[in-house]
Amino acid sequence: MKFDKNQLELYAITDRSWLKKDQSIYDIVEQAIAGGATMIQVREKNLSKRDFIKEVCNIKPLCYRNNIPLIVNDDLSIAIESNADGIHLGQLDLKKYLIESSIPKSMILGISAQNLEQAIEAKNIGAHYLGVGAIFPTSSKDDAQNLNISILKEITKNVDIPVVAIGGINEDNIPLLSNTNINGVSIISAIFAKDDVKTAAENLKKIIRRTSFYEENHNF
């Protein structure tokens, strides 16, 4: 799937720890898409490789029907074997894959960055977008370090590829990201921890569209 920066608007990342009884990842992804999610990342830290691939393959037709890119977190071999649209790599995984293997040119490549140096390196490697954060406190990643919003602005000002903000983002703090020149927000618990995932996504989408992320002179 060809990458479009507008697909970053409401970037939903799965977390099975929020699943309710008799609920599957497919179920909540379907609800998130119905509510307006524009990109889906499957993030699994404890599944076997076989089950991870099965899960991605199960979700792929749903995303395809809705023209939503499906991204795999961290594991390139799973992304390739499941025919996912892309891969998102953290800094540690990035070093491993640059040494061990090449990323197919057809894949959307997202890379996490916590500072301008990492952002510039990711752009030079060929990232299609950056995931910058954690912007606000989050329980989704134990090792996440919060960034000052000024660092986010520094990155978007100096690196000419799309940026999605991540980390502790919810309905209350999205407006704080106005004029940061990001292309969207990446959200886990503010979607998937809710009893009504579809409504949560709908509400977030409304707030995103009421928030002016771009400064007038920002052209990328």
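Everything discussed here concerns the structure shown above.
Model, not experiment: these values are computed from the prediction. (Residues numbered from 1 in each chain as written. Predicted model: local features only at pLDDT ≥ 70, side-chain atom pairs only at ≥ 80, totals over all residues. Heavy atoms only, no water.)

### Concerning the nonpolar core
1) Next: Of all hydrophobic cores here, the largest spans 61 residues; its most connected members are I40, L130, I174, L177, V185, I187 and I191.
2) Next: Considering each element in turn, this core owes the most residues, 6 residues, to helix α2 (residues 49–65).
3) Next: Counting 10 residues, the second-largest nonpolar core is a separate cluster that includes I13, I71, I108 and V164. (Core = buried A, V, L, I, M, F, W, Y, C linked by side-chain atoms within 4.5 Å. Buried < 20%, exposed > 50% of the residue type's maximum accessible area, 1.4 Å probe, protein only. Helix = DSSP H or I, 4+ residues; strand = E, 2+ residues; numbered from the N terminus.)

### A short note on helix α1 (residues 25–35)
1) Next: Among all positions in α1, only I25, I28, V29, A32, I33 and G35 are buried. Along the axis of α1, the buried residues cluster in a sector spanning 160°; they form a single face.
2) Next: Its buried side turned inward, α1 meets β2 (39–42), α2, α7 (189–192) and α8 (197–210).
3) Next: G36 occupies a position one or two residues after α1 and carries a positive phi of about 120°. (Arc of directions from axis to C-beta. Contact = heavy atoms within 4.5 Å.)

### Brief notes about the packing of aromatic side chains
1) Next: This structure, assessed with the given rule, holds 2 aromatic pairs.
2) Next: Each ring, one from F3 and one from Y129, has its centre 6.0 Å from the other, and the planes form 25°; the classification is stacked. Within this pair, whereas F3 is found in the segment before β1 (10–13), its partner Y129 is found in strand β6 (residues 129–132), the two being separated by 126 residues in sequence. The burial state of F3 is the same as that of Y129; both residues are buried.
3) Next: With a centroid separation of 5.8 Å and 65° between ring planes, the pair formed by Y11 and Y129 is classed as edge-to-face. Residue Y11 is found in strand β1, and its partner Y129 is found in strand β6; the two are separated by 118 residues along the sequence. The two residues Y11 and Y129 agree in class, both being buried.
4) Next: Among the aromatic residues, ring-to-ring pairing joins F3, Y11 and Y129 into one connected group. (Phe/Tyr/Trp six-rings, centres within 6.5 Å; stacked < 30°, edge-to-face > 60°.)

### Examining the pattern of salt bridges
1) Next: A full pass over the atoms with the stated rule returns 8 salt bridges.
2) Next: The partner of R209 in a salt bridge is E9, with the nearest N and O atoms 2.9 Å apart. With R209 in helix α8 and E9 in the segment before β1, this residue pair connects regions lying 200 residues apart in the sequence.
3) Next: According to the relative accessible area criterion, R209 is exposed, its value standing at 58%.
4) Next: With a relative accessible area of 15%, E9 lands in the buried category.
5) Next: A salt bridge links K49 to E81; its shortest N-O distance comes to 3.1 Å. (Salt bridge = Lys/Arg side-chain N within 4 Å of Asp/Glu carboxyl O.)

### Observations concerning the side chain of N173
1) Next: With respect to the secondary-structure elements, N173 resides in the loop between β7 (163–166) and β8 (184–187).
2) Next: A distance of 2.9 Å separates a polar side-chain atom of N173 from the backbone oxygen of G168.
3) Next: Setting aside its immediate chain neighbours within four residues, N173 contacts F136 and G168. (Polar contact = N/O pair within 3.5 Å; in protein donor to acceptor, adjacent residues only side chain to side chain.)

### A short note on the pairing of β2
1) Next: Every second residue of β2 is oriented toward a common face, with M39 and Q41 on one face and I40 and V42 on the other, all of them buried.
2) Next: Note that β1 and β2 share 3 bridges and pair parallel. The residue of β2 that forms the bridge with A12 is I40.
3) Next: Read as a crossover between parallel neighbours, the route from β1 over α1 to β2 is right-handed.
4) Next: In this structure, β2 lies alongside strand β3 (residues 70–73), joined through 3 bridges in parallel fashion. Each bridged residue has a counterpart across the sheet, and for V42 the counterpart in β3 is V72.
5) Next: Crossover connection from β2 via α2 to parallel β3: handedness right-handed. (Pairing = 2+ DSSP bridges. Right-handed = clockwise from strand over helix to strand, strands pointing away.)

### Looking at the sheet that holds strand β5 (residues 108–113)
1) Next: Spatially, 8 strands are ordered β1-β2-β3-β4-β5-β6-β7-β8 in a closed barrel, and the strand pairing comes out parallel. Put simply, the sheet's adjacent strands are angled 25° from each other on average, direction ignored.
2) Next: Pairing between β3 and strand β4 (residues 86–89): 3 bridges, direction parallel. Residue pairing for β4: N73 is matched across the bridge by H88.
3) Next: The strands touched by α2 within the sheet are β2 and β3, with β3 carrying the most contacts at an inclination of about 160°.
4) Next: Its contacts with the sheet put helix α6 (residues 149–158) on β6 and β7, and the angle it makes with β7 is roughly 170°. (Axes fitted to C-alpha atoms, helices over the stretch in contact; angles between N-to-C directions.)

Remember that the coordinates give geometry; whether it matters functionally is a separate question.
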